[in-house]
Amino acid sequence: MNIFSDTVTLSRMQFALTAIFHMLWPVLSTGMAIYLVVVEGLWLKTRNPNYYYHARFWSKLYVLNFGIGVASGLPMEFQFGTNWAPFSEAVGDFFGSILGFEGAMAFMLEAGFLGIMLFGWERVHPAVHYLATIMVAFGANLSTFWILVANSWMQSPSGGEMVNGKFVVSDYFEAILNPFMAKSVSHMFLATLETSLFVIGGISAWYIINQRHQAFFARSLKIVLAVAIAVTPLQIYVGHLSAEQVYRYQPTKLAAMEAKWETSPAGQPADWSLLALPNEKQEFNPWEITIPNGLGYILEFKANLSEPVQGLKEWPVNERPRMVGLIYYSFRVMSGIGFFLAGLMVWSLLQWLIGNLSPEKISQRKWLLRTWIFAAPLGYIAVESGWIVRCVGRQPWAVYKQVRTVDAASNLPASNVLTSLICFAVIYSTLLVAALYFGSRIIRRGPKLDLPLPHSEDKVAMSTEQANFVKDQRPVEAQQ
């Protein structure tokens, strides 16, 4: 099959491109907004100017990510009406309303308070400004909540049934609180926060290793590390719960994640595949490294399985995911990065406890700082890999066991979809180059440590004298 003449494949490629690109930006902005709440709170509590300068510096990177996220997110949502109109018609009564909540309830909240957070330092009371920062962070993470509600419902549709090709909602709250929702929202919330922490930590390490504002960025690195102590192990645990969820509700996805072709019966141990080369045509792994009895311990913390783990051969080819190798290695990349970041956290914590992260000594920890710089983009890779597992592993279903992907795509000329795909690729490449340029310029310039503090005592007092009335000198017709 020629993919350039297949509308469904091209529409999937276009949505994948827009989704993968868009995901880069809210991942950082949602987590960084929480960091801004922390540092501004420390500024208000301690009146230490360093925390104020941190808030001003990191908010520049925040607004850059916010802007690119808005520009790239809107075309992605419009595709539900252009490339995926049958999908919208079938499930739009629920799915469309959830996306509406995300726009009207979350995005508008974030955007409405963003101006006060960025430009209100000298214009509003400090408590009002802090409230604006909190509302920006709340709106950003509320947006994540609604998006994950919508996607989780696609993974485990509930709260209604399909009637004549259309999903009819009988219990709206049951649909929102679908089986995948709680763990998916938690997993993504921790992913955005963890990614942001290591980006901030990596940038801080870059400044320190280049001997620029070492004491200033040693402080931000310690703040990041203090939060990462809780976030990194918790993310691993929630990730394990998410895998158990897949084990229960989506056995075909689990089989693809493990490149498992044969069924492992209940009551017996099962090996876990560490690395393999899946062969979809011949339905086996010609090369594989396994850990004896490992699968039972990963899924249930014991050797023998309580329930069978079904292999891909249990389903017809048209009922199971394709691109098994992509799903298999995406899952391992995501998991491996999670453990790597947790290990970096432990290493950094030990260095902190023995006093090696003080402003005087931290620049001597070259390998630790280089590792933080190396770790800065890893969170993005882990998030993108996780979404590949989540969405590609759901195939061949757009809505699991309810709407097939091939039936969800609009009947468009393949040439039209190919044209829009190329246009998106060009535009998004331009946006990426622009974002990297402006982001690197912000980092190269560094923080402005000579900014006047808001509401400082030496600020010129506002005049309280009564103003004189000046009569309008314009012609009468111009005054109307």
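Refer to the structure presented above.
Scope of this entry: the structure provided in the associated data block. Only a predicted model underlies this, so the values are computations on that prediction, with no experimental measurement involved.

**Description of the overall build of the protein chain**
Here is step 1 of the chain: If you tally the helices and strands in the protein chain, you get 14 helices and six strands.
Here is step 2 of the chain: Since a compact globule built from 480 residues should have a radius of gyration of about 23 Å, the 26 Å found for the protein chain is in line with a globular shape.
Here is step 3 of the chain: Seen through its C-alpha atoms, the protein chain measures out along the principal axes to roughly 85 × 70 × 40 Å.
Here is step 4 of the chain: Out of the 480 residues belonging to the protein chain, those deemed buried represent 47%.
Here is step 5 of the chain: Sequence-distant contacts, at least 24 apart, represent 79% of the contacts inside the protein chain between residues at least 6 apart.
Here is step 6 of the chain: For the protein chain, the exposed surface amounts to about 23300 Å²; the carbon and sulfur share of it is 64%.
Here is step 7 of the chain: In the protein chain, which carries 35 positive and 32 negative side-chain charges, the distance between the mean positions of the two groups comes to 10 Å.

**Brief notes about helix α2 (residues 49-82)**
Here is step 1 of the chain: With 34 residues, α2 ought to run about 50 Å at 1.5 Å a step, and its terminal C-alpha atoms sit 50 Å apart, in line with that.
Here is step 2 of the chain: Within α2, the axis deviates most sharply at S59, by approximately 25°.
Here is step 3 of the chain: The N-capping residue of α2, defined by a side-chain oxygen 3.0 Å from the backbone nitrogen of N50, is N48.

**What about unusual backbone geometry?**
Here is step 1 of the chain: Residue Q395 is joined to P396 through a cis peptide bond whose omega torsion reads 10°.
Here is step 2 of the chain: In this fold, P396 is placed in the loop between α12 (378-392) and β5 (397-399).
Here is step 3 of the chain: The backbone of N164 shows a phi angle near 55°, a positive value even though the residue is not glycine.
Here is step 4 of the chain: Take N164: it is sitting in the loop between β1 (160-163) and β2 (166-169).
Here is step 5 of the chain: Positive phi, normally seen in glycine, also occurs at K401, with a value near 65°.

**What about a positive patch on the surface?**
Here is step 1 of the chain: Together, K60, R444, R445 and K448 line one region of the surface with positive charge.
Here is step 2 of the chain: As for its position among the elements, K448 is in the segment after α14 (414-445).

**As for the side chain of S158**
Here is step 1 of the chain: Following the sequence through the fold, S158 ends up in the loop between α4 (126-155) and β1.
Here is step 2 of the chain: Assessed through its relative accessible area of 12%, S158 is described here as buried.
Here is step 3 of the chain: Of the polar contacts made by the side chain of S158, one reaches the backbone oxygen of E174; its length is 3.2 Å.

**As for the packing of aromatic side chains**
Here is step 1 of the chain: Enumeration over the complete set of coordinates arrives at 30 aromatic pairs.
Here is step 2 of the chain: For the pair W58 and F217, a centre-to-centre distance of 6.2 Å together with 90° between the ring planes defines the contact as edge-to-face. With W58 in helix α2 and F217 in helix α7 (residues 214-249), this pair connects stretches of sequence that are 159 residues apart. Each member of the pair, W58 as well as F217, carries the same accessibility label: buried.
Here is step 3 of the chain: Taken together, the ring pairs in this structure connect Y35, F57, W58, W206, Y207, F216 and F217 into an aromatic cluster.

**Digging into α7**
Quick reminder: α-helices carry 3.6 residues per turn. Residues three or four places apart thus point the same way.
Here is step 1 of the chain: Taking 1.5 Å per residue, 36 residues should reach 52 Å; α7 reaches 50 Å between its end C-alpha atoms and fits that length.
Here is step 2 of the chain: Remark: the principal bend of α7, roughly 40°, maps to A228.

**Considering the environment of A85**
Here is step 1 of the chain: As for its position among the elements, A85 is in helix α3 (residues 85-119).
Here is step 2 of the chain: Residue classification places A85 among the partly exposed residues on the basis of a relative accessible area of 30%.
Here is step 3 of the chain: Put simply, A85 and A408 are 323 residues apart on the chain and 7.1 Å apart in space, counted from C-alpha to C-alpha.
Here is step 4 of the chain: With residues up to four places along the chain from it excluded, the contact list for A85 reads F80, A408 and S410.

**Some thoughts on the side chain of R332**
Here is step 1 of the chain: Structurally, the position occupied by R332 is in helix α10 (residues 324-353).
Here is step 2 of the chain: One polar contact links R332 to E258, side chain to side chain, over a distance of 2.7 Å.
Here is step 3 of the chain: A distance of 3.2 Å separates a polar atom in the side chain of R332 from the backbone oxygen of L274.

**Details of the packing of helix α1 (residues 7-46) against α2**
Here is step 1 of the chain: Across the interface, α1 lies against α2 with an axial gap of 7 Å and an inter-helix angle of 155°. Judged by the inter-axis angle, α1 sits roughly antiparallel to α2. The element α1 and its partner α2 pack so that their crossing is left-handed.

**Notes on the pattern of salt bridges**
Here is step 1 of the chain: Inspection of the entire model under this criterion finds seven salt bridges.
Here is step 2 of the chain: The salt bridge partner of E258 is R332, with a shortest N-O separation of 2.7 Å. Separated by 74 residues along the polypeptide, E258 in the loop between α8 (251-257) and β3 (272-276) and R332 in helix α10 bring together distant segments of the chain.
Here is step 3 of the chain: On the basis of relative accessible area, E258 is assigned to the buried category, the value being 8%.
Here is step 4 of the chain: When its relative accessible area of 12% is taken as the criterion, R332 is described as buried.
Here is step 5 of the chain: Here E280 and R322 are joined by a salt bridge, their closest N and O atoms 3.6 Å apart. Separated by 42 residues along the polypeptide, E280 in the loop between β3 and β4 (288-291) and R322 in the loop between α9 (294-300) and α10 bring together distant segments of the chain.

**Remarks on the nonpolar core**
Here is step 1 of the chain: Grouped together as the largest cluster of nonpolar side chains are 95 residues, with contacts concentrated most on W58, Y62, F87, V91 and W372.
Here is step 2 of the chain: Residue contributions to this core peak at 15 residues, all from helix α6 (residues 181-209).
Here is step 3 of the chain: Dropping the residues within four chain positions of it, F87 is found in contact with F80, G92, F95, M154, A398, V399 and A408.
Here is step 4 of the chain: Ranked by size, the runner-up nonpolar core spans 16 residues in total, among them F180, A256, L295 and V392.

**A word on the pairing of β2**
Here is step 1 of the chain: In this sheet, β2 lies alongside β1 in antiparallel orientation, the contact comprising four bridges. Considered in β2, the bridge of M162 is made with F167.
Here is step 2 of the chain: Following β1, the chain reverses through two residues before pairing antiparallel with β2; N164 in that reversal takes a positive phi of roughly 55°.

Calculation notes
Residues numbered from 1 in each chain as written. Predicted model: local features only at pLDDT ≥ 70, side-chain atom pairs only at ≥ 80, totals over all residues. Heavy atoms only, no water. Helix = DSSP H or I, 4+ residues; strand = E, 2+ residues; numbered from the N terminus. Rg over C-alpha atoms; globule rule 2.2 N^0.38 Å. Buried < 20%, exposed > 50% of the residue type's maximum accessible area, 1.4 Å probe, protein only. Contact = heavy atoms within 4.5 Å. Areas by Shrake-Rupley, 256 points an atom, 1.4 Å probe, with all protein chains shown as cover. Lys, Arg positive; Asp, Glu negative; His and termini not counted. Charge placed at Lys NZ, Arg CZ, Asp CG, Glu CD. Expected span 1.5 Å × (residues − 1). Bend = angle between axes of the 7 residues up to and from the residue. Polar contact = N/O pair within 3.5 Å; in protein donor to acceptor, adjacent residues only side chain to side chain. Patch = residues over 30% accessible without salt bridge, like charges linked within 9 Å, V, L, I, M, F, W, Y side chains within 5 Å. Salt bridge = Lys/Arg side-chain N within 4 Å of Asp/Glu carboxyl O. Phe/Tyr/Trp six-rings, centres within 6.5 Å; stacked < 30°, edge-to-face > 60°. Axes fitted to C-alpha atoms, helices over the stretch in contact; angles between N-to-C directions. Parallel < 35°, antiparallel > 145°, perpendicular 65-115°, else oblique. Left-handed = near helix turned anticlockwise from the far one by under 90°. Core = buried A, V, L, I, M, F, W, Y, C linked by side-chain atoms within 4.5 Å. Pairing = 2+ DSSP bridges.

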